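# Overview (structure and organization)
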Amino acid sequence: MRDKVRKHFYFSGDVQMVGFRYQAKYAADDLGLTGWVCNLCDGRVEMEVQGRDSDIDRLLARLYEARSIRITDIEARRMPLQPGEKGFRVTGY
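- In the nomenclature of an unreviewed UniProt entry, the protein chain corresponds to acylphosphatase from the organism Hominisplanchenecus faecis.
- Of the protein chain, the UniProt comment under Catalytic activity (unreviewed entry) reads exactly: "an acyl phosphate + H2O = a carboxylate + phosphate + H(+)".
- Reading the Sequence similarities (unreviewed entry) entry of the UniProt record for the protein chain gives the comment "Belongs to the acylphosphatase family."

This is the structure we're talking about:
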């Protein structure tokens, strides 16, 4: 747990109805990250992710590289770790 971090994100742009949540899940699963992602009523996507900082950066890079996703703004902050968290899940509508 020493090298792990947890980050909370709000993504703005063309981030809903473009497969954002499932792209995030597939990348998170591939990178061994845990957390969750969901759509918000205001058109943004919210995500919390936990793992190595470098792997979280890789997750973000994959989201930026996805053809259908266009991120125009990210709000990010560190969060306390969630010990024992398993997997990465898609929530929301």
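### Digging into the state of the cysteines
- For the coordinates displayed, the defined rule picks out zero disulfides.
- For Cys38, which is in no disulfide, the shortest distance to another cysteine sulfur is to Cys41 and amounts to 9.4 Å.

### Digging into the packing of aromatic side chains
- Evaluation of the coordinates by the stated rule reveals three aromatic pairs.
- The ring of Tyr10 has Arg44 lying over it, and the distance from NZ or CZ to the ring centre is 4.3 Å.

### Structural notes on the nonpolar core
- Membership of the largest hydrophobic core comes to 22 residues, with the highest contact counts inside it found for Phe11, Phe20, Met47, Val49, Leu59 and Leu63.
- Those elements that place two or more of their residues in this core are β1 (4-14), α1 (20-31), β3 (45-52) and α2 (53-65).
- Ranked by residue count, the leading element in this core is α1, at five residues.

### Looking at the UniProt feature "domain: Acylphosphatase-like" (unreviewed entry) in the protein chain
- UniProt's feature table lists "domain: Acylphosphatase-like" (unreviewed entry) at residues 6-92, given in the numbering used throughout.
- With 29% helix and 43% strand, residues 6-92 has end C-alpha atoms that lie 20 Å from one another.

### Some remarks on the pattern of salt bridges
- One pass over the full model with this rule turns up eleven salt bridges.
- The salt bridge partner of Asp30 is Arg62, with a shortest N-O separation of 2.9 Å. Placement of the pair is Asp30 in helix α1 and Arg62 in helix α2, with a sequence separation of 32 residues.
- Relative accessible area serves as the criterion here: at 54%, Asp30 is assigned to the exposed category.
- A salt bridge links Asp55 to Arg58, with the nearest nitrogen and oxygen atoms 2.5 Å apart. With Asp55 and Arg58 both in helix α2, this residue pair falls three residues apart, about one helical turn.
- Linked by salt bridges that have partners in common, Arg6, Glu48 and Glu85 make up one network.

Reading the values: rules and limits
- Residues numbered from 1 in each chain as written.
- Predicted model: local features only at pLDDT ≥ 70, side-chain atom pairs only at ≥ 80, totals over all residues.
- Heavy atoms only, no water.
- UniProt positions renumbered as here; feature names shortened; annotations may be inferred.
- Disulfide = S-S within 2.5 Å.
- Phe/Tyr/Trp six-rings, centres within 6.5 Å; stacked < 30°, edge-to-face > 60°.
- Lys NZ or Arg CZ within 6 Å of the ring centre and 35° of its normal.
- Core = buried A, V, L, I, M, F, W, Y, C linked by side-chain atoms within 4.5 Å.
- Buried < 20%, exposed > 50% of the residue type's maximum accessible area, 1.4 Å probe, protein only.
- Helix = DSSP H or I, 4+ residues; strand = E, 2+ residues; numbered from the N terminus.
- Salt bridge = Lys/Arg side-chain N within 4 Å of Asp/Glu carboxyl O.

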